[in-house]
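Coordinates in review
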Amino acid sequence: MLNFFKKQKEVCNGDCCQTKAELSYSCSDCHSSTKIENNNDCHDNCCDGENANKSISDEDCCDDDDEVSHQIKQEKNMTEDTVYNYQIVGMDCVSCAMTIQKAVSAIAGVNQATVNFSTGKMTVLTDLKHIARNEVLKKVKQLGYSATLADELNQQASADDYLSQGKIVLISTIIFVIALICKILLQQAILTHFFFVLTMIFAGFKTFRSAWYSLNAKALDMNVLMASAAIGALLIGEFSEGATVLYLFTIGIYLQTKAVDRTRQSIKAMMSLTPDLALVLKNGQWLEQAVGEISVGSHILVRSGDKIALDGVITKGATEINQASITGESIPISKTVGDIVYAGSLNETGTIEVAVNKSASESTIARVISMVEAAEERRAPSEALVEKFARIYTPIVFVLAIMTMFIPPLIMNIEIHESIFRGLELLIIACPCALVIATPVSIVSAIGSAAKNGILIKGGTFIETAAKINTIAFDKTGTITNGMPEVTAAKALSGSLQNILSIASSLERNSNHPIAKAIVAYAKANDVKEFEVINEKNRIGKGIEGTIQGELFTVGSAKLFSLTNEQILLKQKYESEGDTVIFIGKSDEVMGFLLISDTIRETSVKAFARLKAIGMKRLVMLTGDNRSVAESIASDAGITEFFAEMMPEDKAKQIELLRNENLVAMVGDGINDAPALATSDLGIAMGGIGTDTAMETADIVLMADNLNKLPFVFMLSRATVQIIKQNIVASLLIKVIALIAIFAGVLPIWLAVLSDTGMAVVVTLNALRLLMKKDDN
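The text that follows walks through the structure, step by step, so that each part is easy to find. (Residues numbered from 1 in each chain as written. Predicted model: local features only at pLDDT ≥ 70, side-chain atom pairs only at ≥ 80, totals over all residues. Heavy atoms only, no water.)

**Topic: the overall build of the protein chain**
For the record, the criterion: A helix here means a DSSP run of H or I that spans at least four residues, while a strand means a run of E at least two residues long, and both kinds are numbered starting from the N terminus. Contacts are assigned to residue pairs with any non-hydrogen atoms lying within 4.5 Å of each other.
Helices and strands together make up the secondary structure of the protein chain, namely 29 helices and 26 strands. Sequence-distant contacts in the protein chain: of pairs separated by 6 or more residues, those separated by 24 or more amount to 66%.

**Comments concerning the pattern of salt bridges**
Note the threshold: By definition, a salt bridge exists where a carboxyl oxygen of Asp or Glu is found within 4 Å of a side-chain nitrogen of Lys or Arg. For the exposure calls, accessible area comes from a 1.4 Å probe over protein chains only, and a residue counts as buried if that area is under 20% of its type's maximum, exposed if over 50%, partly exposed in between.
Here the structure, examined in full by the defined rule, presents 14 salt bridges. Residue glutamate 418 pairs with arginine 422 through a salt bridge whose shortest N-O separation is 2.6 Å. Note that glutamate 418 and arginine 422 are positioned in helix 16 (residues 416-428) at a spacing of four residues, about one turn of the helix. Residue classification places glutamate 418 among the partly exposed residues on the basis of a relative accessible area of 35%. Where aspartate 681 meets arginine 659, a salt bridge forms, and the shortest distance between an N and an O atom there is 3.1 Å. One end of the pair, aspartate 681, is in the loop between helix 26 (674-679) and strand 25 (682-686); the other, arginine 659, is in helix 25 (residues 648-659), with 22 residues separating them in the sequence. By relative accessible area, arginine 659 is classed as partly exposed at 34%.

**Let's talk about the side chain of aspartate 775**
The test is simple: Pairs of N or O atoms within 3.5 Å make up the polar contacts considered here, provided that, within protein, one atom can donate a hydrogen while the other can accept it, and that residues adjacent in sequence are counted only when both atoms are side-chain atoms.
Tracing the backbone through its elements, the reader meets aspartate 775 in the segment after helix 29 (749-768). Within polar-contact distance, the side chain of aspartate 775 engages the side chain of arginine 610 at 3.4 Å.

**Observations concerning the sheet that holds strand 9 (residues 319-322)**
What holds strands together in a sheet is hydrogen bonding between their backbones, with the strands either parallel or antiparallel. Quick note on the threshold: Following DSSP output, two strands are said to pair if at least two bridges run between them.
Pairing within the open sheet is antiparallel, and its three strands lie in the order 10-9-12. Each edge of the open sheet is held by one strand with a lone partner, namely strand 10 (333-335) and strand 12 (346-347). Relative to strand 10, strand 9 runs antiparallel, the two sharing three bridges. In the strand pairing of strand 10, glutamate 320 is matched with serine 334.

**What to know about the sheet that holds strand 19 (residues 551-556)**
To keep things clear, this is the line we draw: Comment: axis = line fitted to C-alpha atoms, over the contacting stretch for helices; angle = value between 0 and 180 degrees taken between N-to-C directions.
Spatially, 16-21-20-19-18-17 is the arrangement adopted by the six strands of the open sheet, whose pairing is antiparallel. Across the chains shown, the open sheet's two edge strands, defined by having one partner strand only, are strand 16 (486-492) and strand 17 (534-539). On average, each strand axis in the sheet is tilted by 15° relative to the strand beside it, whichever way the strands run. Sheet contacts for helix 21 (residues 514-525): strand 16, strand 19, strand 20 (580-586) and strand 21 (589-597); angle to strand 16, the most-contacted strand, approximately 65°.

**A few points about unusual backbone geometry**
A positive phi angle is found at asparagine 283, which is not glycine, with a value near 55°. Here asparagine 283 lies in the loop between strand 5 (277-282) and strand 6 (285-290). Despite not being glycine, aspartate 527 has its phi angle at roughly 55°, a positive value. One can find aspartate 527 in the loop between helix 21 and strand 17.

**Topic: the packing of aromatic side chains**
Here is the rule we go by: Only Phe, Tyr and Trp rings take part, Trp by its six-membered ring, and two of them pair if their centres are within 6.5 Å. Stacked means planes under 30 degrees apart, edge-to-face means over 60, and tilted covers everything else.
The full count for this structure, using the stated rule, is nine aromatic pairs. Residues phenylalanine 561 and phenylalanine 583 carry aromatic rings whose centres are separated by 6.1 Å and whose planes lie at 55° to one another, so their mutual orientation is tilted. Of this pair, phenylalanine 561 sits in the loop between strand 19 and helix 22 (565-576) while phenylalanine 583 sits in strand 20, and the two are 22 residues apart along the sequence. Both residues of the pair, phenylalanine 561 and phenylalanine 583, count as buried. Here the aromatic cluster, defined as three or more aromatic residues joined through ring pairs, consists of Phe561, Tyr574, Phe583 and Phe593.

**Describing the packing of helix 17 (residues 433-452) against helix 28 (residues 710-744)**
Operational definition: Here roughly perpendicular refers to angles of 65 to 115 degrees, roughly parallel to angles under 35, roughly antiparallel to angles over 145, and oblique to all remaining angles. Each crossing gets its hand from how the near helix is turned against the far one by less than a right angle, where anticlockwise is left-handed and clockwise is right-handed. In this classification, Asp, Glu, Lys and Arg are treated as charged, Ala, Val, Leu, Ile, Met, Phe, Trp, Tyr, Cys and Pro as nonpolar, and every other residue, Gly included, as polar.
At their nearest, the axes of helix 17 and helix 28 sit 9 Å apart, and the two run at 165° to each other. By the criterion of interaxial angle, the relationship of helix 17 to helix 28 is roughly antiparallel. Where helix 17 crosses over helix 28, the two elements pack in a sense that is right-handed. Across from Ala434, Leu435, Ala438, Thr439, Ser442, Ile443, Ala446, Ser449 and Ala450 in helix 17, the residues of helix 28 making contact are Phe712, Leu716, Thr720, Ile723, Ile724, Asn727, Ile728, Ser731 and Leu732. Its residues assigned to classes, the contact of helix 17 with helix 28 shows 12 nonpolar, six polar and no charged.

**What to know about a nonpolar patch on the surface**
For clarity, the cut-off: Here a patch means residues that are over 30% exposed by relative accessible area and free of salt bridges, tied together within 9 Å if like-charged and within 5 Å if nonpolar (Val, Leu, Ile, Met, Phe, Trp, Tyr). To be clear on the numbers: accessible area is Shrake-Rupley with a 1.4 Å probe, and residue cover counts the displayed protein chains and nothing else.
Together, Val177, Leu180, Ile181, Ile184, Leu185 and Leu186 give the surface a local cluster of nonpolar side chains, amounting to about 550 Å² of exposed area. Following the sequence through the fold, leucine 186 ends up in helix 7 (residues 165-186).

**Overview of the side chain of glutamine 289**
Along the chain, the position of glutamine 289 falls in strand 6. Among the polar contacts listed, one links the side chain of glutamine 289 to the backbone oxygen of glutamate 293, at a separation of 3.2 Å. What glutamine 289 contacts, discounting residues up to four positions off in sequence, is Asp276, Leu277, Ala278, Val280, Lys282 and Ile294.

**Observations regarding the environment of leucine 747**
Within the element layout of this structure, leucine 747 appears in the loop between helix 28 and helix 29. The spacing of leucine 747 and glutamate 425 is 322 residues in sequence and 8.3 Å in space, taken between C-alpha atoms. What leucine 747 contacts, discounting residues up to four positions off in sequence, is Glu425, Ala738, Ala741, Ile742 and Ala752.

**Points about the environment of asparagine 111**
Assignment of secondary structure puts asparagine 111 in strand 2 (residues 110-116). For asparagine 111, a relative accessible area of 38% puts it in the partly exposed group. For the pair formed by asparagine 111 and leucine 125, sequence separation is 14 residues and the distance between their alpha carbons is 5.5 Å.

**What about the nonpolar core?**
Test applied: Here the nonpolar core consists of buried residues drawn from Ala, Val, Leu, Ile, Met, Phe, Trp, Tyr and Cys, with membership extended through side-chain atoms lying within 4.5 Å.
If you look at the biggest cluster of nonpolar residues, it comprises 73 residues, and the most contacted ones within it are Ile100, Val104 and Met122. Among residues more than four places away in sequence, those in contact with valine 104 are Val110, Ala113, Met122, Val124, Val136, Lys139 and Val140. In terms of nonpolar packing, the next biggest core, distinct from the first, is built from 65 residues, Ala343, Ala607, Leu707 and Ile724 among them.

**Remarks on helix 21**
Applicable threshold: In a helix, the anticipated span is given by 1.5 Å times the number of residues less one.
Taking 1.5 Å as the rise per residue, helix 21 with 12 residues should run 16 Å; its terminal C-alpha atoms sit 17 Å apart, in good agreement. Along helix 21, the residues classified as buried are Ile515, Ala516, Ala518, Ile519, Val520 and Ala523. Just beyond helix 21, the residue with positive phi is aspartate 527, at close to 55°.

**Some points on the packing of helix 14 (residues 381-406) against helix 28**
Packing of helix 14 against helix 28 brings their axes to within 14 Å, and their N-to-C directions diverge by 10°. If you check the angle between helix 14 and helix 28, you find them roughly parallel. Across the interface between the two elements, Ser382, Val386, Phe389, Tyr393, Leu400 and Thr404 from helix 14 touch Ile724, Ile728, Leu732, Lys735 and Phe743 from helix 28. Here the contact of helix 14 with helix 28 is built from residues that sort into eight nonpolar, two polar and one charged.

**Brief notes about the pairing of strand 1 (residues 82-89)**
Bridging between strand 1 and strand 3 (residues 121-126) involves six bridges; their strand directions are antiparallel. Residue pairing in the sheet places glutamine 87 in a bridge with lysine 121 of strand 3. Note that strand 1 and strand 4 (residues 146-149) share four bridges and pair antiparallel. Its bridge partner lying in strand 4, isoleucine 88 is registered against alanine 147.

**Digging into the environment of threonine 439**
Structurally, threonine 439 is set in helix 17. Threonine 439 sits in the buried class, given a relative accessible area of 1%. Each C-alpha atom, one on threonine 439 and one on asparagine 727, is 7.8 Å from the other, the two residues being 288 residues apart in sequence. Apart from residues no more than four positions distant in its own chain, threonine 439 is found in contact with Ala380, Ser382, Glu383, Glu464, Ile724 and Ile728.

Keep in mind these values describe shape, not function.
And the structure:
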């Protein structure tokens, strides 16, 4: 590989690949036909494009030569990127977002800019810091929009210094009505034209300004199309039509903006869950302090009725905590000393003192907000497909509009006035705004709805995948069962019971496995001593072994021992009763065993019944437990298909086999099931509120330990996909009807405007229905 790098040295070191190169793992792989001029920053620009995976070291990027690597490191240190996050106000549609993105990307010092219409956010990477930051704000203002840095959102900064959008609509309406009165009742041509032109000025000021800067940015967006149509109408003497275009367009955009803002409210609502101030213990006194300034280890006081400001552990007091803001479950949970509490939860009864264990930025609710924001930024497959269509549709219809204006009068018996009028109508419907926003507003609404119900969905792709799932595989322990097994009995076959418990507890004390915790708890309850263990070795899926006082001992399943016929019969007897048998001993001697049982969650039984009711074809249980226990649990839970005695890698292989027949979702705790979650088409982790790993590894996270939330995931996903389809079909159908009506000469210009902006409002309102979805079970 290094030899290949050397062959590419002259090319790669001189002209690194464009940042939008395809997936690559080395500079030699990612060269595109377009090079970046005067680029001396190979590591930052090569192999790290918009879709690239940054997976190589500085030394490997362009060459293994020391001098070149040293140069790269120097240049990398000189060009550290600063990331700025902005909130953009005033975007009318996706094409407007693309105009802003294109214009900001062209600013000197800006290395990358991405704008997301659905969330109204822009991320800018720059190496010129405040210079580029000011230029970004200036450029966005020139384009007719308002940009505010994310950390300054509380300061009512706005670039709209002339009038608010609502006031523009109100004033435009008054002037437009006066114009209609002059035309219909007074029949005063001069006054009529004056007030129609005045309507165009008030209603179209922002449109004309945005259109001008869009043209400068070589972008063909909705503002350009509407402005062109209005000016065209004015030039052919159709004052009322031009005013109608801009007036209805302004109203449509106002309504659309209000509707889209509703889809963005879920994040804002989540951000308001935690208080800004908290009572902190300082020098023996409780003093108010900003939450962001409170450090880990501090003690905070939470009074009855207050919201908890930071994650931590209760050190004094007992109370009832409502965790609905995170888990979606409003039933209060009893908490006392030693229990963990989470920021954003409501303290309903007693006063408690909490030792902070996570900073504000690292709290569970902060991480959920961050992940929801990231999820809303990710595009669904259908969104990308629609945007590709839109990029082709708009220029085609634009060219068709120009041709319609001037060609028919030359070859057909059609007046120039009529042909221009038809061309103007084509310009109006050339922007596929309703079609383009059909998917993103639906996805954002669905993600927000899920978050309110205690479900974290990490992107539109997973919503679309969940809608197609008809097979679900479940881990047993901690998913179907409570995950809190208990030792119900212990028996010594040789030696004392105390000694056997001491060996088992000593070997298992460092393990996080639920069964290990149960063994240690049982041993402590029996007041046994612990031994020092060396050469500890985890036998994944089987047990654990280690050396105690010079002898090798083992705790685990029967797979680690050579059982006698009598011991096999004992094992079969207890397993038939639903117990798990854990053996303790040496490789050649079984010294004793423990009986362990786990109970099925009540919510699991309900969840399986609901999943069957919504049409899930296969529900499969995967477990490392023995067949008898697995059969007993599966039967009680209402599952007919199960696979027992499976190692983690066996679960992953079984998922692969299931995927040969259907799309498969895997539900687990996100820790021991990581291989299976990764192998499945959709990984779902349960109990994310207490598990960082679950939040990181899965595609969808059920924040509560409640499997009954799972049916809502699939119902919401199916409803989302259904609404996306409705929006796309309706948008396309309206466009087709409008095109036919235009060429038939029966479409009024005001109806052409409504077919575009009106339809955008309709699809947005349709998507908003998802925000009202609630899991009542």
